[in-house]
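# Residue-level structural notes
These are the residues of each chain, in order.
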Amino acid sequence: MSSPALAIHAHRRRQRSRLVPNYQGVEFCEMPLPVTTEPWPKFEGRRLSDLANENYDAPREELRERIGHKPFIWPNRTMYFFCDVHADADAWRRSLIASGGVRWLGPGDDEYELSEDGRDALFVIAGDCFDKGPSTLRLLRAIKLLIDKGADVEILAGNHDLRTLVGLAYLGRKEPRFAHLFVRMGQKTMPLFQEIRAQYLEPGDTSELSEDDLHELLFPDEEWFRRFPSVAKGLVPEKKIGKELKRIREKMVELPRKCEALDMSLGDIHRATTRARELFLEPEGEFHWYFERMDVARRWGSFLLVHAGVDDVTAGLLAEHNVSGANTWFHRLLADDPFELYHGPIGNMFRTKYRDFDHRFTDAGVEHMYEAGLYGIVHGHQNILRGQRVLMREGLLNFECDSSVDCNTRKLAGLSEHGGAVVVFQPNGVALGISADYPHVKVFDATQVFPHLTIV
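Quick look at the structure, then. Treat the numbers as computed from the prediction; the structure is a model and nothing was measured.

About the cut-offs
Residues numbered from 1 in each chain as written. Predicted model: local features only at pLDDT ≥ 70, side-chain atom pairs only at ≥ 80, totals over all residues. Heavy atoms only, no water. Helix = DSSP H or I, 4+ residues; strand = E, 2+ residues; numbered from the N terminus. Rg over C-alpha atoms; globule rule 2.2 N^0.38 Å. Buried < 20%, exposed > 50% of the residue type's maximum accessible area, 1.4 Å probe, protein only. Contact = heavy atoms within 4.5 Å. Pairing = 2+ DSSP bridges. Axes fitted to C-alpha atoms, helices over the stretch in contact; angles between N-to-C directions. Lys, Arg positive; Asp, Glu negative; His and termini not counted. Salt bridge = Lys/Arg side-chain N within 4 Å of Asp/Glu carboxyl O. Polar contact = N/O pair within 3.5 Å; in protein donor to acceptor, adjacent residues only side chain to side chain. Disulfide = S-S within 2.5 Å. Right-handed = clockwise from strand over helix to strand, strands pointing away. Expected span 1.5 Å × (residues − 1). Parallel < 35°, antiparallel > 145°, perpendicular 65-115°, else oblique. Nonpolar A, V, L, I, M, F, W, Y, C, P; charged D, E, K, R; others polar.

### Looking at the overall build of the protein
Summing up its helical and strand segments, the protein has 18 helices and 17 strands in all. A globule of 456 residues ought to have a C-alpha radius of gyration of about 23 Å, and the protein, at 23 Å, matches this closely. Principal-axis analysis of the C-alpha atoms gives the protein an extent of 80 × 50 × 40 Å. Taken across its 456 residues, the protein has 58% of its residues classed as buried.

### Comments concerning helix α8 (residues 190-200)
Among all positions of α8, only Met190, Pro191, Leu192, Phe193, Glu195 and Ile196 are buried. The inward-facing, buried residues of α8 contact α5 (136-148), α6 (159-169), α7 (181-184), α11 (238-261) and α12 (266-281).

### Considerations on the sheet that holds strand β13 (residues 396-400)
One open sheet holds the five strands; their spatial order is β9-β10-β11-β13-β12, and the pairing between them is mixed. Edge positions in the sheet fall to β9 (297-300) and β12 (389-393), since each has one partner strand and no second. In this sheet, adjacent strand axes meet at a mean angle of 25° when their direction is disregarded. Pairing geometry for strand β10 (residues 303-306) and strand β11 (residues 376-379), over three bridges, is parallel. Of the residues in β11, the one forming a bridge with Phe303 is Gly376. Of the strands in this sheet, β12 and β13 touch helix α2 (residues 60-67), which is tilted by about 45° from β12. Helix α14 (residues 312-336) contacts β9 and β10 of the sheet and is inclined by roughly 120° relative to β9.

### A short note on the side chain of Asp402
Here Asp402 is to be found in the loop between β13 and α18 (407-413). Of the buried charged residues, Asp402 lacks a salt bridge, with Lys132 as the closest side chain of opposite charge at 5.9 Å. Within the structure, the side chain of Asp402 is placed 3.2 Å from the backbone nitrogen of Asn383, a separation counted as a polar contact. Sequence-distant contacts of Asp402, that is, excluding residues within four places in its chain, are made with Cys83, Asp84, His379, Gly380, His381, Gln382, Asn383 and Ile384.

### Let's talk about the state of the cysteines
Counted by the stated rule, this structure contains zero disulfides. In this model Cys259 remains outside any disulfide bridge; the closest cysteine sulfur is found in Cys407, 19 Å from its own. By relative accessible area, which is 1% here, Cys259 ends up buried. We note that Cys407 lacks a disulfide partner, and the nearest cysteine sulfur, in Cys129, lies 14 Å from it.

### Here we look at the pairing of strand β7 (residues 152-156)
The buried fraction of β7 is high, at four of five residues. As defined by bridge partners, strand β6 (residues 122-125) adjoins β7 across four bridges and the pair is classed as parallel. From the neighbouring strand, Leu122 faces β7, where its bridge partner is Asp152. As for the winding sense of the linkage, the β-α-β connection from β6 through α5 to β7 is right-handed.

### A short note on α11
An ideal rise of 1.5 Å per residue puts 34 Å on 24 residues; α11 measures up with 35 Å between its terminal C-alpha atoms. Downstream of α11 by a residue or two, Asp263 has a phi angle that is positive, lying close to 60°.

### Here we look at the packing of α5 against α8
Close contact between α5 and α8 brings their axes to 8 Å; oriented N to C, the two are set at 80°. Taken together, the axes of α5 and α8 lie roughly perpendicular to each other. On α8, the residues touching Thr136, Leu137, Arg138 and Arg141 of α5 are Leu192, Glu195, Ile196, Gln199 and Tyr200. Considered class by class, the residues forming the contact of α5 with α8 number four nonpolar, two polar and three charged.

In structure tokens, the structure reads:
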């Protein structure tokens, strides 16, 4: 390499090194934090291609060709994007430290303060704080601590969050739209009830209901299996109806087995569920704030922030009524018809994985998104194993951010013990992907990708 080329290379390395967040409290992080940077996606160098999948990220040329000419808006404010923490309060702490938005002072969940950047930033928690992990209540208390310390926090709905909410709200209802919603939560929610039993219930308390009564209360009966297909027709895709019936049968077997593994009876589950309804659904409940603060989406310049994605119908809604229209629809359905919320187009925003039985997202939907001035989506939901990635989906830029941070997902995936991840959107047009599973900070420099980028 020539001397001028070496000088340019060294200058770029110095510039990129300044992008690494000021990790404050790294001694309480447990996971190694990257201190070197790498272009994201594969703008130069070959490090990403050394991974098993050559096409892990979309190439720069594809991004420029499809949306490089668009008037891309990038907010002049720091934003930290977290998602899919799944009841793992330790992964939340590590992710917060990795963001640089806090200064950690000690081992406790409350032993930190906002950093200078964090005081002015937006913290987005894009869904799925429930299920899988060991510490739902501790995680929610830790998030509330962040709010109480003065952080600007936005909470977006995830499928596991909504599944828990409607399961609690419609316990015991026998209408075909509602009778399966409790068991639909599945075995991944049972550790939450174990937490509630340990923290709120007196030892030795028993349910007044018999085993038969408990089974009738908690599980749908055979009549539900006969009536559900006709009730769901027209809202749930045909392929999904049969899958849903099969899955509920499976969950009715899995749930009692999980209870037994946790040394809990159905009576224990019933008592813990009754207490959970008070904690989460009653206005004076300790965790009522979580669902009260929740929206389905937020706009961030030319990005849509959401848990999962969009389809043609929701894209059309965004074009006509902007994100506020989607949030209005979400809250109305949450209050009036959780079945339509979960299975309809709005539900796709926190559920879709763009499978053949999900509501479709086609070129027509992309054009609606462009009409709304939305050229990219930042989301979680689809867990990946090598840190965040950038891809194009039907011509729409996607930042995929579910980096498998919770301990149980990591154990199943064969990842190292300690997880944590964040995407930092900086006010200079740069996004940083930081995770436990990639040795460098991934640097997405929008000023080099979108010639018509405007920072406002």
